[in-house]
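Spelled out, the chains give:
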Amino acid sequence: MTVRSPEVSAGIALRAATARRHLPALVPGLVVVGLMLVWEISDGGYDPQTWYWGALVALGLLAAIVIAAGSGRRLGRDAKLTLALFTAYVCWCYCSIAWAQSPGSALNGANQALLYLLVYAAMLLLPWTAPGALAALAVYATGVGATAVVLLFRLASADRVAVLIVDGRLSAPTGYFNSTAALFNIGALIAIALSARRELPGLLRGLLAALACADLQMALIVQSRGWLFTLPLIAVVAIFAVQDRLRAVAATLIPVAGTVVIVHRLLAVYGASAGPPLNLASERAGQPALLVCAAAFVVGTLLAWADGLRGDAPLRARTRRALGVSLAVIAAIAVAGTGSYVTHGHPVRFIVRQWDGFSHEPTGASPTSHFLAVGSGRYDFWRSSLAAFGAHPIGGLGDANFGFWYLRHRMTSEEPTSPHSIEFSLLSETGIVGFLLFAGFLVGALRLALGARRRQADELTRAAAGIGLLALIVWLIHGSLDWFWEIPALSGPALGFLGVAGGLAPARVPAPAPANPGLARSRPAVRALATTAGALALIATVVVLGVPYLAVREVSLGTSAAGSDPQAALADFRRAADLNPLWSVPGRLAGVVALEAGQPATARRWFEQAIAREPGGWFAWLGAGLAASAQGQPVAAHRYFETAIAIDGTQAVIRQALARSLSARPLTISQALKLVVVQ
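Described below are features of the structure shown in this document. Since this is a predicted model, take the numbers as computed values, not measurements. (Residues numbered from 1 in each chain as written. Predicted model: local features only at pLDDT ≥ 70, side-chain atom pairs only at ≥ 80, totals over all residues. Heavy atoms only, no water.)

A few points about the side chain of Ser425
Using the following cut-off: Helix and strand definitions follow DSSP, with helices as H or I runs of at least four residues and strands as E runs of at least two, each counted in order from the N terminus. Using a 1.4 Å probe on the protein chains alone, a residue whose accessible area is under 20% of its type maximum counts as buried, one over 50% counts as exposed, and one in between counts as partly exposed. Whenever a nitrogen or oxygen atom comes within 3.5 Å of another N or O atom, the pair is scored as a polar contact, on the condition that within protein one atom can donate a hydrogen and the other can accept it, and that pairs from neighbouring residues in sequence are kept only if both atoms are in side chains. Contacts between residues were defined by any pair of non-hydrogen atoms, one from each residue, lying within 4.5 Å.
Structurally, the position occupied by Ser425 is in helix α18 (residues 422-451). Ser425 sits in the buried class, given a relative accessible area of 11%. Polar contacts involving the side chain of Ser425 include one to the side chain of Ser418, which spans 3.4 Å. Beyond its immediate chain neighbours, meaning those up to four positions away, Ser425 contacts Ser418, Pro419 and Thr430.

Below is the structure:
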């Protein structure tokens, strides 16, 4: 039997006690991080069927945290204020259902806002320690980086590349180009900042440097102009957010160099056509990228070990300044060289062309690089959202209702569901009230998080809080040009790690009041009232999330059964419609199934239900017209088509249906559905 010395036993006991200090926050925190990573590989979590169950998991976790905490941890005034403002914003989103053109969309939008509140609150309420927060961030960065490495392996082996590369650009894993670029940008920034921390093991620091390299390579393959435009500002703000900026900037050299050295291979994927040329281009990009990442791991690990051997002696001020200037020059040369390369040697002309083309629709991408494409619909999205805010300044259009307004007021051929900007979404959809509530929450949450970076906090706490803000920086800056709110894989980390940073701040609570016998006697009653209110809130939240989730599940089942068993599909859609009486999607889908099954009367009833729930959707009016035409009622069909074309006059299928509605040869159901599919 091995006998341990008292010193060894004491060391083991000390490490166990230290680990136990981190676990109360780290274990539930990793559940939330796991949700973020699941959303990341599930098309960004955009599908309601994915994020609804995630919201229920977050709700259960938050309830467990509150129950476990009991009266053991008191929230400070700033933390209470941020939670109150975020809760008020979510309640306002639910109120917007009353005036929204599509109440079902507003309900889903409010539920998604509730999801983000649950994620933020769960992470804020946990008793974080700095090592625990760094561990959670490291797990997240490793998960995102592992996804990048897997994608590189698939590119290197030409494994179903056509699924990953759409129109020459990487869309996986989120399914949307710009959100994929933002996701890997978040992963790279967090991995780089962590790789600069001497407290982490050398092997882990080397791994993080390699994963950051893979993240940057994947972000570049996406060729997102929004990512390219916002990257300089994001980099500057991120440098100011992190602790020990010189080390953080130095840590960027390995991943940046690993990306720059093969930039031509990464950008060449865009110009390759589908088939063998695309497979060859992906292999020529993926294989050297993996080799570079392996080299980054070796170099990063060796440098981390050397850094650990150097000791804790601080550098002299003159040395730090010289290193800072050198790193700045190297970074400037790398950025300038890469910028010149991706713009084919004309960076100034590139910026001028992009600015001039901002107010025009895309005119077609360059055959060599998407970075050289000109035009964007965002100018018109933002113009229309400001017009919507002017028309509805107090409450807005209703949460997630911008798309219905834009169809009637657009000057482009696009059909966005969001203004492609967090700020414009808040103004147009929730009005000045929603905008101020969420802005107040963000200001309060940032103030709380920055409290963890005050000078009286220890260095490791300041570092963890700064790294926790990096996802929010990307989300706010890049998200000002894009629709990131609707993608939980981006909004979850941004708000969740903001909660972690706030949870690291010391709670500032008022001094206890003098003892009052009457107050002491009333405390059991107050606790009972608070417990009852909490239980009622939990039940209400389960209902408001669980019932729509069941409806979403029924729609999924009906969609799967539509091709083989139309009657079973209609039954599924009926249950979905009954579960969520605000949602128009079950009626639209059931109408299509009934049309294809040769049941025009049934289809018409379903489409009229969808119209009653969402009068601004053109497809239900078209479907009702087709059903009426199949019933031999051309005049009624004509009226339906007239309403549909008033909503969206660009749809060729509506124009044809209207033109032929009173003729001897009206548009048939099969012809119409083919036209809709083609579009």
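From this point, things continue past the structure.
A short note on the packing of helix α5 (residues 130-156) against helix α7 (residues 177-195)
Basically, it comes down to this: Think of each axis as a best-fit line through the C-alpha atoms, taken over the contacting stretch in the case of a helix, with angles from 0 to 180 degrees between the N-to-C directions. When an angle is under 35 degrees it counts as roughly parallel; over 145 it counts as roughly antiparallel; between 65 and 115 it counts as roughly perpendicular; any other value is oblique. Should the near helix be turned anticlockwise from the far one by less than a right angle, the crossing is termed left-handed; should it be turned clockwise, right-handed. Charged means Asp, Glu, Lys or Arg here, nonpolar means Ala, Val, Leu, Ile, Met, Phe, Trp, Tyr, Cys or Pro, and polar covers whatever is left, Gly included.
For the pair α5 and α7, interaxial distance at closest approach is 9 Å and the crossing angle is 130°. Here α5 lies oblique to α7, going by the angle between them. Note on packing geometry: the crossing formed by α5 with α7 is left-handed. Contacts between α5 and α7 involve Leu134, Leu137, Ala138, Tyr140, Ala141, Val144, Thr147, Ala148 and Leu151 from the first element and Leu183, Phe184, Ile186, Gly187, Ile190, Ala191 and Leu194 from the second. Of the residues contributing to the contact of α5 with α7, the split by class is 14 nonpolar, two polar and no charged.

Brief notes about unusual backbone geometry
Backbone torsion omega between Ala172 and Pro173 reads 5°, so that peptide bond is classified as cis. Its location among the elements puts Pro173 in the loop between β2 (169-170) and α7. Positioned with a positive phi, Gln223 is a non-glycine residue whose angle comes to about 55°. With respect to the helices and strands, Gln223 occurs in the loop between α8 (202-222) and α9 (225-241).

So, the side chain of Ser96
Note that Ser96 resides in the loop between α3 (77-95) and α4 (103-125). According to the relative accessible area criterion, Ser96 is buried, its value standing at 0%. Within the structure, Ser96 has its side chain in polar contact with the backbone nitrogen of Asp399 (distance 3.1 Å). When neighbours within four sequence positions are excluded, Ser96 is seen to be in contact with Ala106, Gly398 and Asp399.

Here we look at the pattern of salt bridges
Side chains carrying opposite charge are able to pair once their charged atoms draw close together. Rule in force here: Here, a salt bridge means any side-chain nitrogen of Lys or Arg that lies within 4 Å of a carboxyl oxygen of Asp or Glu.
One pass over the full model with this rule turns up 15 salt bridges. With a shortest N-O distance of 3.0 Å, Arg197 and Glu199 are connected by a salt bridge. A residue is classified by how much of its surface remains accessible, and Arg197, at 7% relative accessible area, is buried. For Asp482, the salt bridge is made with Arg378, and the minimal N-O distance between the two is 3.0 Å. Of the two residues, Asp482 sits in the loop between α20 (470-479) and α21 (488-503) while Arg378 sits in helix α16 (residues 378-391), which places them 104 residues apart along the sequence. Exposure remark for Asp482: the relative accessible area of 1% places this residue in the buried category. Linked by salt bridges that have partners in common, Arg198, Arg205, Asp244, Arg247 and Asp307 make up one network.

Here we look at the environment of Ala281
Structurally, Ala281 can be placed in helix α13 (residues 276-309). Owing to a relative accessible area of 12%, Ala281 belongs among the buried residues under this scheme. With 12 residues separating them in the primary sequence, Ala281 and Val269 have C-alpha atoms 5.2 Å apart. Setting aside residues no more than four positions away along its own chain, Ala281 makes contact with Ala268, Val269 and Ala272.

So, the packing of aromatic side chains
Our working rule: Side-chain rings of Phe, Tyr and Trp (the six-membered ring for Trp) are treated as a pair once their centres are within 6.5 Å; stacked means planes under 30 degrees apart, edge-to-face means over 60, and tilted covers the remaining angles.
This structure, assessed with the given rule, holds 22 aromatic pairs. Consider the rings of Tyr116 and Trp485, whose centres lie 4.9 Å apart with planes at 85°: the pair is edge-to-face. With Tyr116 in helix α4 and Trp485 in the loop between α20 and α21, this pair connects stretches of sequence that are 369 residues apart. Judged by its relative accessible area of 0%, Tyr116 is buried. Overall, the relative accessible area of 12% leaves Trp485 in the buried class. Grouping aromatic residues by their ring pairs yields a cluster made of Phe86, Tyr89, Tyr116, Tyr120, Phe438, Phe441, Trp475 and Trp485.

Digging into the environment of Trp99
Mapped onto the elements, Trp99 comes out in the loop between α3 and α4. For the pair Trp99 and Leu397, spaced 298 residues apart in sequence, the C-alpha separation works out to 7.3 Å. Apart from the residues within four sequence positions on either side, Trp99 is in contact with Trp92, Gly395, Gly396, Leu397 and Gly398. For Trp99, the side chain forms a polar contact with the main-chain oxygen of Gly395, separated by 3.2 Å.

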